[in-house]
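Residue-level structure breakdown
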Amino acid sequence: MSDAPIRKPSTGHPAHPGRSLIASAMIGLIAGIDNLGNGLAIAALLFTGPLAAGLGAGVGVVLLSAAILALLVALRSTQPNSVALVQETGVAILASTVATMAAGLEGAPEGVRIATAFAILGGSTLVTGLLFWTVGRLRLGRLVRFFPYPVVAGFLAGSGWLLVEGALAMVSGRHGLGAGLAGLAAPMVAVTAAAAVGLAGLLVLAMRRSDSPFTMPLVLLATALAFHAGLPLLGVTAEEARGWGWLPGVAGGGGFSLPVPTEVLALADWGRVAAALPAMVSVAVLGMLGLLLNVSGIELAQGRDIDADAELRGTGAANLLAGALGGPSGYVGLGMTLLAGRMGATGRGAGLATAAVILGGLFVAGWLVSVTPVFLTAGLILFLGVELLQEWLIDARRRLPRTEWLIVLAVVLAIAGIGFMEGLALGLAVSLAMFVYSYSRLPVIRGRHSGAELRSRVDRSPAASLHLTGAGAAIEAMQLQGYLFFGTAEQIVGPVRDRLERAGGDAGGQVGAQPLRFLIIDFRHIKGMDSAAAGVFRRIRNLIEAAGATLVLSALPDAVEDAFRNCGLDPDSDPVLRRAPDLDHALESCEEALLAGNGADGGGADAPLLRHLEAMTGPHPRLADAVAALDTLHLEPDEVLIRAGEAASDIFIVGRGRVKVQIVLPDGRSLRLRTMTAGAVVGEIALLLGQTRGADVVVETPATIHRLTAATLARLEREDPELALVLHRILATTLAQKVTLANRLIEQAAV
C-alpha cells in the first residue's frame, strides 16, 4: 500500500501502558484511514470500464479483507505490534489480468464478467494463502530469499507500470495503453486525467517534504473537499459531474455490499479463471517476497529476530479467509509497523485498532464510493505506480551494477510491451543466463604445479631428491575447486592442451618443456559435476592418451565418479586412468614411477648409509666414523619406532626401507604426515629441543634403521668434538632441508 518506509528505527524502550494504548489507537486511526482511501482506489482499479457495476461490492470486499488481515495478523504475529495491509503490488498484476478477462468476455452478461473478476481476485488470495502457509509449515522461508534480486526489482517496477496503466484505464474507461491514450481525446476525460496527474504530482511533492503519516490522508481529504466545494462555484451539479465521468456512476448509500459466494460460483467463467492461474501464482510469489523483505526490514530496524516461517503461516491463514470471501491478498506493512514502534505501541492493539477503524468504515463505504472523485482514486493509483517506478527502476540505477539494472529494465519493458508473465519469464531467463556467465568466469583451477616444485610428503635420499628436481617436471598437478558444469569445465582443457603443446616443442626459438608423463587432477575441493563436464574430461583423457601419458584422478568424489562412468570413463579399467586417494599419494606414485630404473631410486634400498650422508653433506674423512658410531636396528612392518608422548632420547637415520610419520585423530583414524625413505633423518627436532615425541613413527616395509642416542652424542662432544661436529652438521643440513620444504608448502598454499 502507500505504507511509506520509516527511516528512524525504534529505540526499543518499553512504553507506559497508557501511552501504548493511546499510540495503538492513533496507529489504528492512521492505518484505518489509509486503508479506506486505498481500498477505494484498489476497487476502482479492478472494477472499471465494463466491470464498473461491481465497484460497490469491490469496495466492500477489499475493506473487509483489509480488516481480516489486520485482525488475524495482529493476533497471530510473532511481532506483537504488526500492522497488516492489503498490498497494491499484486492487485496491479490482477488488474491487468481482470481487464484481459473482461475483454475476452465482451459479449457475456455483466454478471458473468463481475463474478469471474471476483473469482480471479479471491482465487489469487487463496493461492497466496496456501503458498504462504505451506512454505511456512515446511520452514522454507529463508530459501525464498535466494530469488534473484534484479528480477524482484523488475517485478516491482513492472507493477508500478501496471498501476500507471490502471490509472489511465480508470480515467478513460478503456484498458490498454493505446486505447487509454486515445480516450484522452474526449475533453472531459482529458480534464479528469489532468486532475489525476496534478494530484499525483502533489502527493509526490508532499511525501518528499514530509514523513508524517497524516500527510497523504490530509492531502486526499483536502482535495476531495476542494472538489465538492468547487462544483457549486462552477454551476455543476453532482449528477452532471457523474454524467461527465468526474464521479463514479453509482448511487450513494449508507451501507456496503459484498459479492454473494453462491452467485460467484454459479456465474463465473471458470475457464477464464483457470487461464489466470499463472498470474495468481506470480502474485503469490511476489507477495511472499514482499512479506519476507518487510520482515527483514522490521528485524533490522527493531533489533530483534522474527520467525519468518511463523509469519508466513499466520499471514497465510489470514489470506485463506480473505480469499474465501473474494478479497485481495496482503501482509504486514513495513512503514506502519515501524511507526507503531516509534509511537510506543508495543502490544497487539495497533493491529486490532486498525481492524476496528476499517470495519467502521464499511458502514459508510457506499457513500464514500459515490462522493469520491474519479481523479482522486486515479491520482492515488498513479502516485503509487510512479513511486514504485522511481524506487525500483530509477533509483535502482544508482544501487545496482549496470548489468543487473539492465535486467530490471528488460523486465519492465517486457511487462509493458508484452505482458506480466512474459516479463517474469524474461527476467528469470536473463538472470539465469547472467548467473551462468558470471559463475563460468570464476576460476575452477585452484592451483597448478609442476612435480619439480610440488612434492609428496616423502623424505627421500639426496640423490633421489636431486633427480626429481629435474625429472619432476614430467608431472603436472592441477587442483580444482567449486562445481564443474558446462560453463566452467572448459577452463581445464586449455591449460592441459597448452602443456602438451609445449612439451618437447620449439616455439619462438625457446626450448619446449619436458614431455608430460603424468597429469594429476585433484578433485578434493570439487562439490559436484554435471554430465557436460564429464564429457570434457573424456576429451582430456583422449589428449593424454595421444601424448602417451597417464591421467591420475585424485580424491575422486562418488558423485563425480558416477558422472564419469555414465559418460563411459572407468577409472578402474581404463589403462590411461589411475586413481589415488589424495594428492599426496598421487604425487608419491608418480615420483616412484619416475625414480624406478634410475640409479637414485625411490627408496635407495641398496644404497649404503655412507653414500646417503655424502650426498647430504659432501665428502668428509670422518663420515665413516660417524656411521660406525650409530647402532643398527632391523625392523619389520608395523613395528613402532617412535611413539607419541614419549621422551626423546634418540635420533634415527633410515638406511633401508620406509617408515611413516602419523598421528591419531580424535575419531581413532590414523593420518599420515610424512613418509621417510633411505637417507632420511627422523626424531631430531624433539631431541634437540628437549621435547616429547609429537607423532608416531611406524615401519612400512622391512627396514634397516641407524640410531644415534643422546648419550652417544654427549660422549662424542666430550671425547671427539670433530666427529660430534660432523654429526651436528648432518642434523643441521636435515633441519635446513625441512625448513626449505615447509616454506615451499606455505608458498604453494598461499597461491
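Our structure's up above, just so we're on the same page.
The notes below deal with the structure included here. (Residues numbered from 1 in each chain as written. Predicted model: local features only at pLDDT ≥ 70, side-chain atom pairs only at ≥ 80, totals over all residues. Heavy atoms only, no water.)

1. What about the packing of aromatic side chains?
For the structure shown, the criterion picks out 6 aromatic pairs. Between F47 and F118, the ring centres sit 4.8 Å apart and the planes meet at 35°, which makes this aromatic pair tilted. Pair noted here: F47 is in the loop between α1 (17–46) and α2 (55–76) and F118 is in helix α4 (residues 110–137), with a separation of 71 residues, a long-range link. Three or more aromatic residues joined by ring pairs make a cluster, and in this case those are F523, F537 and F564. Sitting over the ring of W405, R397 keeps its end group 5.5 Å from the ring centre. Here the basic side chain of R399 rests over the ring of W392, its NZ or CZ set 5.6 Å away from the ring centre. (Phe/Tyr/Trp six-rings, centres within 6.5 Å; stacked < 30°, edge-to-face > 60°. Helix = DSSP H or I, 4+ residues; strand = E, 2+ residues; numbered from the N terminus. Lys NZ or Arg CZ within 6 Å of the ring centre and 35° of its normal.)

2. Observations regarding the sheet that holds strand β8 (residues 518–529)
Reading across from one edge, β3-β5-β8-β9-β10 is the order of the 5 strands in this open sheet, with mixed pairing throughout. The outermost strands of the open sheet, each flanked by one partner alone, are β3 (445–450) and β10 (577–580). This sheet shows a mean twist of 20° between the axes of neighbouring strands, independent of strand direction. With 5 bridges joining them, β3 and strand β5 (residues 475–484) adopt antiparallel strand pairing. (Pairing = 2+ DSSP bridges. Axes fitted to C-alpha atoms, helices over the stretch in contact; angles between N-to-C directions.)

3. Things to note about the packing of helix α3 (residues 88–104) against helix α5 (residues 149–172)
Close contact between α3 and α5 brings their axes to 9 Å; oriented N to C, the two are set at 55°. When the axis of α3 is compared with that of α5, the two are oblique. Crossing geometry of α3 relative to α5 is assigned as left-handed. Along its contact with α3, which presents E88, T89, A92, I93 and S96, the element α5 presents L156, S159, L162 and L163. (Parallel < 35°, antiparallel > 145°, perpendicular 65-115°, else oblique. Left-handed = near helix turned anticlockwise from the far one by under 90°. Contact = heavy atoms within 4.5 Å.)

4. Here we look at the nonpolar core
Counting residues in each nonpolar core, the largest one holds 106 residues, and the members touching the most others are L46, V59, I120, L203, L380 and F383. Among all residues touching I120, those that are not within four sequence positions of it are L94, V98, M101, R272, V273, A276 and M280. L484, L516, F523 and A534 belong to the second largest nonpolar core, which has 31 residues in total. (Core = buried A, V, L, I, M, F, W, Y, C linked by side-chain atoms within 4.5 Å. Buried < 20%, exposed > 50% of the residue type's maximum accessible area, 1.4 Å probe, protein only.)

5. Focus on the pairing of strand β9 (residues 550–554)
Put simply, side chains in a regular strand alternate between the two faces of the sheet. Along β9, 5 of the 5 residues are buried, which leaves the element largely enclosed by surrounding structure. A two-sided burial pattern is seen for β9, the buried positions comprising T550, V552 and S554 on one face and L551 and L553 on the other. Across 5 bridges, the pairing between β8 and β9 is parallel. When the sheet's bridge partners are listed, D522 is paired in β9 with S554.

6. A look at the pattern of salt bridges
In the structure shown here, the tally under the stated rule is 30 salt bridges. For R565, the salt bridge is made with E561, and the minimal N-O distance between the two is 2.7 Å. Residue R565 and its partner E561 are located together in helix α24 (residues 558–566), separated by 4 residues, close to a single helical turn. Given the relative accessible area of 12%, E561 is considered buried. We note a salt bridge from D570 to R565, for which the minimum N-O separation is 2.6 Å. R565 sits in the partly exposed class, given a relative accessible area of 33%. (Salt bridge = Lys/Arg side-chain N within 4 Å of Asp/Glu carboxyl O.)

7. A short note on the sheet that holds strand β18 (residues 703–709)
Judged by pairing direction, the sheet is antiparallel, and its 4 strands sit side by side in the order β11-β18-β13-β16 without closing on themselves. Single-partner strands in this sheet number two, and they are β11 (631–635) and β16 (681–682). Two strands pair when backbone bridges link them, and strand β13 (residues 650–656) and β16 are joined in this way by 2 bridges, in the antiparallel orientation. Along β16, the bridge assignment pairs I653 with V681.

8. Some words on the pairing of strand β14 (residues 659–664)
In the sheet, β14 pairs with strand β15 (residues 670–676) via 6 bridges, with the strands oriented antiparallel. Considered in β15, the bridge of Q662 is made with R672. Count of turn residues in the β14/β15 antiparallel hairpin: 5 residues, of which G668 carries a positive phi of about 95°. Two elements, β14 and strand β17 (residues 696–699), share 4 bridges in a ladder whose sense is antiparallel. If you follow K660 over to β17, its bridge partner there is V698.

9. Digging into a nonpolar patch on the surface
Taken together, the side chains of L126, L130, W133 and L320 make up a nonpolar region of the molecular surface, amounting to roughly 340 Å² of accessible area. Tallying contributions element by element places α4 first for the nonpolar patch, with 3 residues. Along the chain, the position of L130 falls in helix α4. (Patch = residues over 30% accessible without salt bridge, like charges linked within 9 Å, V, L, I, M, F, W, Y side chains within 5 Å. Areas by Shrake-Rupley, 256 points an atom, 1.4 Å probe, with all protein chains shown as cover.)

10. Some remarks on unusual backbone geometry
A positive phi is found at A555, a non-glycine position, where the angle reads about 50°. Its location among the elements puts A555 in the loop between β9 and α24.

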